[in-house]
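# Structure at a glance
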Amino acid sequence: MSGPIEDVALVALSGVTKSFGAVRALAGVDLAVRRGECVGLVGHNGAGKSTLMQILAGTRTPTDGRFALAGKDIPIADVSVSRALDAGIRCVFQELSLCPNLTATENVRVRHATLSGFGWRRKASRLLTEALDSIFPGHGIAPAATVGDLSLGRRQMVEIAINFIVTDAAEPKLVILDEPTSSLDQSVASQLLAFARRFVERGGSVILISHILGDIFSTANRIVVMRDGAVVADRPVAAFDRAGLVAAMGHVAEDRDGRREAPAKSLREGEPMVVAMPPRQEDESRVAVHRGEIVGLAGLAGHGQTALLRLVHHAVHHRSRYATVKGRMAFVAGDRQSDGVFPLWSIGENVTVRSLPSLSRFGLVSSRREAAMEREWKETLKIRTPDMDDNILTLSGGNQQKALFARALGSDAEIISMDDPMRGVDVGTKREVYERIRQEAGRGRSFLWYTTEFDELLHCDHVYVFREGRIVAELGRGEFDEEKVLQASFEEAAA
Ligand SMILES: Nc1ncnc2c1ncn2[C@@H]1O[C@H](COP(=O)(O)OP(=O)(O)OP(=O)(O)O)[C@@H](O)[C@H]1O
């Protein structure tokens, strides 16, 4: 067997290829994971990371290659979910896979079929609580809660905890975390990474996929870089610095922190395009967005920011007590599975749907103009697909998110609201989107941007911090730093 593979490797792949029709997602990958290591797996959107993980977890069969578990070769046709599970491989996928109509406890039972018989519910509930307590102390999640009623972040926490549960029948040996922190706010994400480090110190193994390079540097022992379906670097973490890693991924290194330069005159003049009041607000504070302004909504996840965006959106076409909107508006969803993509449509249709009136003449959509728009946005955001007519779900997660951006940015909307939309987008594309947002704002477009990443607030002109459904701080340009935002987010909880 070729590649850096030893007998002790928990799992070893070599020469693995995977094609989807004309798309070669994996072009001969070697990867081995040993006990007690955290492998950070990075690469651009569509590099092949998730496909590789699906093969490890047995949910996809490779086209070709070799596969070994605990040093034992397994014919690729025999690689299966149950085999991977028996070997202790667990995977927290990017798109959540819990059953929304079942409780968290019932989802534990779905994943751990051996929890059956008399008293299974109590046992499953206890195991889940123990796992949640050790990973996310103070989580506040009731095991009897229906998953569909939980916020995206909490659903993610349940999904993660389920994969770390140790039952009498099975224990996790290698846990694959595919962008696990993308729907968690920073404090919860830190809890998870700290737990992953403890798990690895105790001899467990983790593969951590993330576009947040800080997560990789803080947690991985070794970094594997993928590019266009191949591994292009595999070295200990100490062998990389941030610029070197970004370059290995095929992106140009950053030359600025992306902070938005102050416009010549204040944007907070004239009548705002959007004014909105959170329903629970007890004082006079309002979110206001002026023409050409980038307004950030901050605070811990689930504290009313997404609810405010929905309320504003509703006010575009309805009378509302809480919001007024003066202008056309488009929305970029963060929870793309439930709010964003039209799963039965092509990539192109997903991009153009918001712009059909402007692509039409005499009531008929011009297929020439439609194709031109699709081409333009495929190029602009580098949507990786051989054909915009392919179904949207053939795209990698980050590329689906790019399609949602293209839909909003390519539309005639004067105001764009964004619900933590950069989750899963690679560092190179993120930078291009930030630049685009700055340019568009310079031309008079307004942005209302909820983000869980502090660095993204640096692109904003004005920031509102939310806590418990209310605006608790309003910070103008030059007034906000991470400490102030965190302080405002936590103040009451600490009191
Ligand atoms: N079911 C599918 N049908 C067709 N093509 C697919 C399918 N699944 C993945 N692909 C393609 O395989 C390639 C690798 O995708 P993959 O999801 O593994 O990338 P990734 O590195 O995980 O990206 P991201 O960072 O965006 O999650 C992409 O070009 C993608 O479009």
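In this report, the structure presented in the accompanying data block is examined. On a predicted model such as this, the values are computed, not experimentally measured, just so you know.

## Description of the site of the ligand
- If you check the shell around the ligand, you find 21 residues, and the closest are Gly46, Ser50, Thr51, Thr394 and Ser396.
- Between the ligand and the protein, one listed contact pairs an oxygen atom with a backbone N or O atom of Ala47 at 3.1 Å.
- Gly48 places a main-chain nitrogen or oxygen 2.9 Å from an oxygen atom of the ligand.
- The protein chains hide 87% of the 640 Å² of surface that the ligand would expose on its own.

## Some details on the pairing of strand β2 (residues 23-33)
- Both strand β1 (residues 11-20) and β2 contribute to a ladder of 8 bridges, which runs antiparallel. For Ala12, the partnering residue across the bridge sits in β2 and is Ala32.
- Hairpin remark: β1 followed by β2, antiparallel, with 2 residues in the connecting loop; positive phi at Gly21, about 55°.

## Details of the nonpolar core
- Counting residues in each nonpolar core, the largest one holds 50 residues, and the members touching the most others are Leu128, Phe136 and Val225.
- A per-element tally of this core places helix α6 (residues 186-201) first, with 7 residues.
- If near-sequence neighbours (up to four positions away) are discounted, Val225 is found in contact with Val42, Ala230, Val231, Val232, Ala233, Phe240, Leu245, Ala248 and Met249.
- Grouped together as the second largest cluster of nonpolar side chains are 43 residues, Met422, Ala441, Trp449 and Cys460 included.

## Quick notes on the sheet that holds strand β14 (residues 323-325)
- Reading across from one edge, β12-β11-β14 is the order of the 3 strands in this open sheet, with antiparallel pairing throughout. The strands lining the two open edges of the sheet, one partner per strand, are β12 (287-289) and β14. Neighbouring strand axes in the sheet, compared pairwise and without regard to direction, differ in orientation by 5° on average.
- In terms of strand pairing, strand β11 (residues 274-276) meets β14 through 3 bridges, oriented antiparallel. Note that in β14 the partner of Val274 across the bridge is Val325.
- Contacts from helix α9 (residues 305-317) reach β11, β12 and β14, with the element oriented near 55° to β14.

## Overview of a negative patch on the surface
- Taken together, the side chains of Asp455, Asp481, Glu482 and Glu483 make up a negatively charged region of the molecular surface.
- Along the chain, Glu482 turns up in helix α16 (residues 482-494).
- Judged by its relative accessible area of 35%, Glu482 is partly exposed.

## With respect to unusual backbone geometry
- Even without a glycine there, the phi angle at Glu179 is positive, about 50°.
- Structurally, Glu179 is set in the loop between β7 (174-178) and α6.
- You will see that Asp420, though not glycine, has its phi angle at about 45°, which is positive.
- Looking at the secondary structure, you find Asp420 in the loop between β18 (415-419) and α14 (427-442).
- Given the relative accessible area of 7%, Asp420 is considered buried.

How each quantity is defined
- Residues numbered from 1 in each chain as written.
- Predicted model: local features only at pLDDT ≥ 70, side-chain atom pairs only at ≥ 80, totals over all residues.
- Heavy atoms only, no water.
- Near = heavy atom within 4 Å.
- Polar contact = N/O pair within 3.5 Å; in protein donor to acceptor, adjacent residues only side chain to side chain.
- Areas by Shrake-Rupley, 256 points an atom, 1.4 Å probe, with all protein chains shown as cover.
- Pairing = 2+ DSSP bridges.
- Helix = DSSP H or I, 4+ residues; strand = E, 2+ residues; numbered from the N terminus.
- Core = buried A, V, L, I, M, F, W, Y, C linked by side-chain atoms within 4.5 Å.
- Buried < 20%, exposed > 50% of the residue type's maximum accessible area, 1.4 Å probe, protein only.
- Contact = heavy atoms within 4.5 Å.
- Axes fitted to C-alpha atoms, helices over the stretch in contact; angles between N-to-C directions.
- Patch = residues over 30% accessible without salt bridge, like charges linked within 9 Å, V, L, I, M, F, W, Y side chains within 5 Å.
- Salt bridge = Lys/Arg side-chain N within 4 Å of Asp/Glu carboxyl O.
- Lys, Arg positive; Asp, Glu negative; His and termini not counted.
- Charge placed at Lys NZ, Arg CZ, Asp CG, Glu CD.

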